[in-house]
Amino acid sequence: FCLFSLTLIWLVMRRVDQRFIIPSIHRIQALIESEAFGRDVIQTAPVALCVLRRTDGQVVLENTLAQHWLGHSSAQLGAGWINGAFDPTTPRLTDYFETADGRHLYLSCAPTRYKGEDVLLCAFSDISARKQIEVTLERARQLADRANEAKTLFLATMSHEIRTPLYGVLGTLELLART
């Protein structure tokens, strides 16, 4: 009877292990791998990513690029700005942002939930090169306008300087032709 009971207990334990314990372990391992993969994707993303808590604007999660680009500037994205992003009538989901070191960032965000609370997922793209190109193009346009004005002034002056002696020559030739 003891041997039968031990065998029955062993079979029940094995059945419970195969039906519940092993699948649960596999699901937990898959969940751990998925979270690790998600964190790796966030860390290696070519944009600065951060998650801000809706209630107080504190940074819940950020990648190294966000730490490098924003530093302590994330305090500028206060709770008022975050509440504007959660506004149901006209949410403010994009903006331009300039850091203290002069870096120009384009902000794109989406309200979502993370670990049971309302958060704002923010993605910052560096557009400093684009802003520099815009400034350079504006400077080039201004230089081209100045060059065009100088050319116009030069042609007007030269036209006057050439016309004046020509009128004298034409008048003299007309007098010669009549005499």
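Since this is a predicted model, take the numbers as computed values, not measurements.

**Things to note about the environment of Asp-87**
Thinking step 1. Here Asp-87 is to be found in the loop between α3 (79-85) and β3 (94-98).
Thinking step 2. On the accessibility criterion, Asp-87 (27% relative accessible area) is partly exposed.
Thinking step 3. For the pair Asp-87 and Val-169, spaced 82 residues apart in sequence, the C-alpha to C-alpha distance is 80 Å.

**Re unusual backbone geometry**
Thinking step 1. Backbone geometry places Lys-115, a non-glycine residue, at a positive phi of 55 degrees.
Thinking step 2. Classification of Lys-115 as exposed rests on a relative accessible area of 67%.

**Considering the state of the cysteines**
Thinking step 1. Scanning the entire structure with this criterion turns up zero disulfides.
Thinking step 2. Cysteine Cys-109 is unpaired, with the sulfur of Cys-122 as its nearest cysteine sulfur at 5.1 Å.

**Focus on the confidence of the model for the protein**
Should the pLDDT be low somewhere, the predicted coordinates at that spot are not to be read in detail.
Thinking step 1. Considering every residue of the protein, the mean pLDDT works out to 86; 94% of them sit at 70 or more.
Thinking step 2. Per-element mean pLDDT across the protein ranges from 69 in α3 up to 93 in helix α1 (residues 2-44).

**Brief notes about the nonpolar core**
Generally speaking, soluble globular proteins have nonpolar side chains that are buried together.
Thinking step 1. Residues Cys-50, Leu-70, Leu-105, Leu-120, Cys-122 and Phe-124 are the most contacted members of the largest nonpolar core, which totals 16 residues.
Thinking step 2. Those elements giving two or more residues to this core turn out to be β1 (48-53), α2 (64-70), α3, β4 (104-114) and β5 (117-126).
Thinking step 3. Sequence-distant contacts of Leu-70, defined by excluding residues within four places in its chain, comprise Phe-97, Thr-99, Leu-105 and Phe-124.

**Here we look at the pairing of strand β2 (residues 59-62)**
Thinking step 1. Where β1 and β2 come together, three bridges link them in antiparallel fashion. Counted as the bridge partner of Leu-52 is Val-59 from β2.
Thinking step 2. Connecting the antiparallel pair β1 and β2 is a turn made up of five residues, with Gly-57 showing a positive phi of about 75 degrees.

**Section: the sheet that holds β5**
As a general point, the strands of a sheet are linked pairwise by backbone hydrogen bonds and lie either parallel or antiparallel.
Thinking step 1. Read across the sheet, five strands follow the order β2-β1-β5-β4-β3 without closing on themselves; strand pairing throughout is antiparallel. Two strands in the sheet have a free side with no partner beyond their single neighbour: β2 and β3. Neighbouring strand axes in the sheet, compared pairwise and without regard to direction, differ in orientation by 30 degrees on average.
Thinking step 2. Strand direction decides the pairing type here: β3 and β4, joined by five bridges, are antiparallel. Bridging across to β4, Tyr-96 finds its partner in Tyr-106.

**Concerning the pattern of salt bridges**
Thinking step 1. Overall, the coordinates contain eleven salt bridges when judged by the stated rule.
Thinking step 2. One salt bridge connects Arg-53 with Asp-56, and the closest N-O pair in it is separated by 3.5 Å.
Thinking step 3. Assessed through its relative accessible area of 23%, Arg-53 is described here as partly exposed.
Thinking step 4. What emerges from the salt-bridge pattern is a single network uniting Arg-53, Asp-56 and Glu-117.

**With respect to α1**
Thinking step 1. Between its terminal C-alpha atoms α1 stretches 59 Å, which fits the 63 Å expected from 43 residues at 1.5 Å a residue.
Thinking step 2. The largest bend in α1 comes to about 45 degrees, at Asp-17.

Conventions and cut-offs
- Residues numbered from 1 in each chain as written.
- Predicted model: local features only at pLDDT ≥ 70, side-chain atom pairs only at ≥ 80, totals over all residues.
- Heavy atoms only, no water.
- Helix = DSSP H or I, 4+ residues; strand = E, 2+ residues; numbered from the N terminus.
- Buried < 20%, exposed > 50% of the residue type's maximum accessible area, 1.4 Å probe, protein only.
- Disulfide = S-S within 2.5 Å.
- pLDDT = per-residue confidence, 0-100.
- Core = buried A, V, L, I, M, F, W, Y, C linked by side-chain atoms within 4.5 Å.
- Contact = heavy atoms within 4.5 Å.
- Pairing = 2+ DSSP bridges.
- Axes fitted to C-alpha atoms, helices over the stretch in contact; angles between N-to-C directions.
- Salt bridge = Lys/Arg side-chain N within 4 Å of Asp/Glu carboxyl O.
- Expected span 1.5 Å × (residues − 1).
- Bend = angle between axes of the 7 residues up to and from the residue.

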